[in-house]
Amino acid sequence: LLLLAQEFQPQGSPRMDPIRAERVCYRMSRLIPAASCLHHAVATKIWLSAHGVGAELRIGFRMGTEFEGHAWLVLDDGTVLFDQGGDPYESIMGVS
């Protein structure tokens, strides 16, 4: 995902827009059928970090009709990327 996404970075652009990075990651993941939320979050975190945007990778779980896990990013300004909405996940781990 990271290699594909780099093609969408305009030359001379000093800072990647995080919302755009999220959209590009979703689009690129269509080319990788097994890509999960963890793949999306890790690839986007690395990509944003390379462009000076700080983000924390969070991993959490919730109990619905079954045990579910999810990975997402929280930017330094509090913006959440890859949020699933609905019932919140209980964050058990964060990686800066």
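For the structure itself, look to the data block above.
So, here's what we can say about the structure. The residue count restarts for each chain, going from 1 along the sequence in the order it is written. With pLDDT at 70 or above as the cut-off, local features in this predicted model cover only qualifying residues; side-chain atom pairs require 80 or more to be listed or tallied, and sums for whole chains, interfaces and linings still use all residues. Side-chain measures were taken over the full set of non-hydrogen atoms in the model, leaving aside hydrogen atoms and water.

### Re the nonpolar core
Phase 1: By nonpolar core is meant a set of buried Ala, Val, Leu, Ile, Met, Phe, Trp, Tyr and Cys residues that side-chain atoms within 4.5 Å join together. Accessibility here uses a 1.4 Å probe with only protein chains present; expressed as a share of the type maximum, an area under 20% marks a residue as buried, one over 50% as exposed, and anything in between as partly exposed. Formed by 19 residues in total, the largest nonpolar core has its most connected members in Leu-48, Leu-73, Leu-75, Leu-81 and Phe-82.
Phase 2: The dominant element in this core, judged by the number of residues it contributes, is strand β2 (residues 67-75), at five residues. Here a helix means four or more residues in a row that DSSP labels H or I, a strand means two or more in a row labelled E, and each is numbered from the N terminus.

### Digging into the packing of aromatic side chains
Two aromatic rings, taken as a pair, are described by how far apart their centres are and by the angle between their planes.
Phase 1: Working definition: a ring pair exists when centres of Phe, Tyr or Trp rings (six-membered ring for Trp) sit within 6.5 Å. Plane angles under 30 degrees give stacked, over 60 give edge-to-face, the rest tilted. On inspection of all chains with the given rule, the structure shows three aromatic pairs.
Phase 2: Both rings, one in Phe-61 and one in Phe-67, keep their centres 5.0 Å apart while their planes meet at 5 degrees; by these two values the pair is stacked.

### Thoughts on a nonpolar patch on the surface
Phase 1: On the surface, Leu-38, Val-42 and Ile-46 cluster together into a nonpolar patch covering about 220 Å² of accessible area.
Phase 2: When you line up the elements, Ile-46 lands in helix α3 (residues 37-50).
Phase 3: Judged by relative accessible area, Ile-46 falls into the partly exposed class, the value being 44%. Residues with no salt bridge and a relative accessible area higher than 30% make up the patches, which join like charges within 9 Å and nonpolar side chains (Val, Leu, Ile, Met, Phe, Trp, Tyr) within 5 Å. Where accessible areas are quoted, they stem from the Shrake-Rupley method and a 1.4 Å probe; at the residue level, only the protein chains shown are allowed to cover. Any carboxyl oxygen of Asp or Glu within 4 Å of a side-chain nitrogen of Lys or Arg constitutes a salt bridge here.

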